[in-house]
Amino acid sequence: MIYDLIRQLVDYAQQNGLIEEEDRVYTTNRLLELFELDDLPDTQDMDETGYKADDSNKDFDLETVLNAMLDYAYEQGILKENSIVYRDLFDTKIMGLLTPSPSVVTKKFRDLYRESPLEATEYYYKFSQDTDYIRRYRIKKDVKWVTKTEYGDIDITINLSKPEKDPKAIAAAKLAKQSGYPKCQLCAENVGYAGRVDHPARQNHRIIPVTINEQGWAFQYSPYVYYNEHCIVFNKQHVPMKIDRSAFRKLLDFVKQFPHYFVGSNADLPIVGGSILSHDHFQGGNYEFAMAKAPIERYFRIPGYEDVEAGIVKWPMSVIRIRSQEDSKLVDLADHILKIWRDYTDEDAFIYAYSGQEAHNTITPIARQKDGIYELDLVLRNNLTTKEHPLGVYHPHAELHHIKKENIGLIEVMGLAVLPARLKEEMSLLSEYLLAGKDLRSNEVLEKHADWAEEFLPAYPQLNKDNVDEILKEEIGKVFLQVLTHAGVYKRTPTGQAAFDRFIAAITSL
């Protein structure tokens, strides 16, 4: 069977442009070597050069073929452990044998870019899926829905595509010699890397070099794509995240080169920042979030920038939008707003710029183009903590942790909830308990949801097996809206908006 699997995989590679006809024998031999095979039996399906690609592969399923290859490798002792971490390391090695070299991918991308940036990114996105760097069959497992709110349609997803590490792999990682190479999962040195039990394999990974703000950067797609063409733009040097004037310049440089993409940065402080603050990077893609669709509800003018449209966005978080045909003016104005915000304290609004030497204020910026106009959304952030809110005053509070406890980063800020995988099973169990009228507090998994359920249940006297799942999705969406409200430094109340206006007065008083 292994010979047929190799044939199918080589056919797949040629049909999807990963290899050419001239590469077939070479690729076949590399796969034979990987599986410790010395020969290739003759069959009627072969021609004198190896296997011939034809339409017989139309029912090919990559996940099925790779799983069969992994099973064979384990049975033959080639794959030493059969858990998901080790299987992922080995199937990435398989796909790496089909993946063109970085120079070939970069040349193809640049040739297409000269015709159209859209064509170039469409090619690269498909390529990243065909090489199995983006595992389509896992992404399909993610649970997704939309919740309608007064701020627009908010996206909700329960992330199931990122595999959980098994106990054996966790134990092996603790015993393994610690390596500083690559320095993190964003580093350019990941390209072609074999991986370890504590670091994913990347033999099938290719990046596209870009220059922004006259610096060498690169971009790639996220292997866990939370939205269409979810890309990561990163510095080729391993340097920490920093929101400053140059960050605004880099964001606008990127959307100038890829006008069909938005790009944004996580904030550069803990709690309100992303999960990797040690490596300067952005996230972008070909997707329009609810925040991007949200209108400006109050306009204001800033002296010296009268030709720049500026205003407060109707959004649960605190967002200033600035728009201009001249991107350089947006860089100047964003830098001005950032500098004021960094040192801004309003005790009446419980906003403190510093605790001793510790800074609290920063910005989550997002750049895009709309009809030839550059836009920057500047989301005001503050990471102050108190005894009452040890994880952050402007962070989801404890009563929401049963749904979302993690940092509210760039993606959530824009209106897409990335919720933990545990919720899928918990919501299924919760449905069962609600329909049976069981006490949620009697179950240690569900007791954290009890207060929430008791709060929303009276609104659904007709709850039944046909609507319970949709009701839970709707209520989870409402919780996420509360999460965004908690993360907003200026609340959507008359008092909160009056405080927001005081900050606007500070930035307009040049």
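For the structure, check the block above.
The following paragraphs examine the structure supplied in this document. Each residue is numbered by its place in its chain's sequence as written, counting from 1. Only residues with pLDDT of at least 70 get local features here, since the model is predicted, and only at 80 or more are side-chain atom pairs given and counted; chain-wide, interface and lining totals rely on the full set of residues. Hydrogens are left out, water is left out, and the side-chain values use all remaining heavy atoms of the structure.

### Some points on the overall build of the protein chain
Part 1 of the reasoning: Here a strand is any run of E in DSSP of at least two residues, a helix any run of H or I of at least four, and the numbering for each starts at the N terminus. Helix and strand counts for the protein chain come out as 16 helices and 17 strands.
Part 2 of the reasoning: Only C-alpha atoms enter the radius of gyration, while the globule expectation follows 2.2 Å times N to the 0.38, with N the number of residues. In terms of overall dimensions, the protein chain is globule-like: its C-alpha atoms have a radius of gyration of 26 Å, near the 24 Å expected for 510 residues.
Part 3 of the reasoning: With the C-alpha coordinates aligned to their principal axes, the bounding extent of the protein chain is approximately 80 × 60 × 45 Å.
Part 4 of the reasoning: Within the protein chain, the fraction of its 510 residues that count as buried is 55%. Buried means the residue's accessible area, taken with a 1.4 Å probe over protein chains only, is under 20% of the maximum for its type, while exposed means over 50%, and partly exposed covers the values in between.

### Considering the pattern of salt bridges
Part 1 of the reasoning: The rule for a salt bridge is simple: a side-chain nitrogen of Lys or Arg has to be within 4 Å of a carboxyl oxygen of Asp or Glu. The final tally for this structure, using the stated rule, is 44 salt bridges.
Part 2 of the reasoning: Its salt-bridge partner being Arg138, residue Asp88 comes within 2.7 Å of it at the nearest N-O pair. Here Asp88 is found in helix 4 (residues 84–96), whereas its partner Arg138 is found in helix 7 (residues 136–139), with 50 residues between them in sequence. Across this residue pair, the class does not change: Asp88 and Arg138 are buried.
Part 3 of the reasoning: Through salt bridges with shared partners, a single network forms among Glu309, Arg321, Arg323, Arg368, Glu375 and Asp377.

### Observations regarding the layout of surface pockets
Part 1 of the reasoning: Within this scheme a cavity is a closed region of a 1 Å grid, computed over the protein atoms alone, that accommodates a 1.4 Å probe without allowing it to escape, whereas a pocket is open but has protein on both sides within 12 Å along at least five of seven lines; lining residues each have an atom within 4 Å of a point. Grid points are joined across faces, edges and corners, and a volume is the space filled by probe spheres set on the points. One number sums up the size of the second largest pocket: a volume of about 400 Å³.
Part 2 of the reasoning: No other element matches the four residues that helix 6 (residues 117–130) contributes to the lining of the second largest pocket.

### Comments concerning the packing of helix 9 (residues 245–257) against helix 11 (residues 327–342)
Part 1 of the reasoning: All axes are obtained by fitting lines to C-alpha atoms, using only the stretch in contact for helices, and the reported angles, taken between N-to-C directions, cover 0 to 180 degrees. Between helix 9 and helix 11, the shortest axis-to-axis distance is 9 Å and the interhelical angle comes to 150°. With respect to their mutual orientation, helix 9 and helix 11 come out roughly antiparallel. You can see that helix 9 and helix 11 cross each other, and the crossing is right-handed. Contacts from Arg245, Phe248, Arg249, Leu252 and Lys256 of helix 9 reach helix 11 at Asp327, Ser328, Leu330, Val331, Asp332, Ala334, Asp335 and Leu338. Our angle categories are set so that under 35 degrees counts as roughly parallel, over 145 as roughly antiparallel, 65 to 115 as roughly perpendicular, and the remainder as oblique. When the near helix sits turned anticlockwise from the far one by under a right angle, the crossing is termed left-handed; a clockwise turn instead gives a right-handed crossing. Contacts between residues were defined by any pair of non-hydrogen atoms, one from each residue, lying within 4.5 Å.

### Notes on the packing of helix 1 (residues 2–15) against helix 3 (residues 62–75)
Part 1 of the reasoning: Two numbers describe how helix 1 lies on helix 3: the axes approach to 10 Å, and their chain directions differ by 145°. Like other packed secondary-structure pairs, helix 1 and helix 3 cross with a definite hand, here left-handed. Packed against helix 1, whose contacting residues are Ile2, Leu5, Ile6, Gln8, Leu9 and Tyr12, the element helix 3 presents Leu62, Val65, Ala68, Met69 and Tyr72 at the interface.

### Things to note about the pairing of strand 15 (residues 361–370)
Part 1 of the reasoning: Among the 10 residues that make up strand 15, eight are buried, leaving the element largely enclosed by the rest of the structure.
Part 2 of the reasoning: Bridge analysis of strand 8 (residues 262–264) against strand 15 gives two bridges, and the strand direction is antiparallel. Counterpart to Gly264 in the pairing with strand 15 is Ile366.
Part 3 of the reasoning: Strands were regarded as paired on the criterion that DSSP finds at least two bridges between them. As defined by bridge partners, strand 15 adjoins strand 16 (residues 373–382) across 10 bridges and the pair is classed as antiparallel. The partner of Thr364 across the bridge, within strand 16, is Val379.
Part 4 of the reasoning: Where strand 15 hands over to strand 16, the hairpin turn is made up of two residues, of which Asp371 adopts a positive phi near 55°.

### Things to note about the packing of aromatic side chains
Part 1 of the reasoning: Stacked, tilted and edge-to-face are the three classes applied to pairs of Phe, Tyr and Trp rings, where Trp contributes its six-membered ring and a pair requires centres within 6.5 Å; stacked means planes under 30 degrees apart, edge-to-face means over 60, and tilted covers the rest. Using the criterion set out here, one finds 34 aromatic pairs in the structure.
Part 2 of the reasoning: On the basis of an interplanar angle of 40° and a centroid distance of 5.0 Å, the ring pair of Tyr124 and Tyr221 is categorised as tilted. You can see Tyr124 sitting in helix 6 and its partner Tyr221 sitting in strand 6 (residues 215–221), a full 97 residues away along the chain. For the pair Tyr124 and Tyr221, a shared accessibility class is recorded, and that class is buried.
Part 3 of the reasoning: Measuring from centroid to centroid gives 6.1 Å for Trp341 and Tyr344, while their planes differ by 25°, and the two rings are stacked.

### A word on the sheet that holds strand 7 (residues 231–235)
Part 1 of the reasoning: The strand order across the open sheet built from 10 strands is 5-6-7-9-8-15-16-12-11-10, with neighbouring strands paired in antiparallel fashion. Each end of this open sheet is capped by a strand with a single partner; those strands are strand 5 (208–212) and strand 10 (296–300). Ignoring which end each strand starts from, the neighbouring axes of this sheet average 25° apart.
Part 2 of the reasoning: In terms of strand pairing, strand 8 meets strand 9 (residues 281–285) through three bridges, oriented antiparallel. By the bridge assignment, Val263 is partnered in strand 9 with Gly284.
Part 3 of the reasoning: Against the sheet, helix 16 (residues 494–508) contacts strand 10, strand 11 (309–313), strand 12 (319–324) and strand 16, and its axis sits at roughly 35° relative to strand 10.

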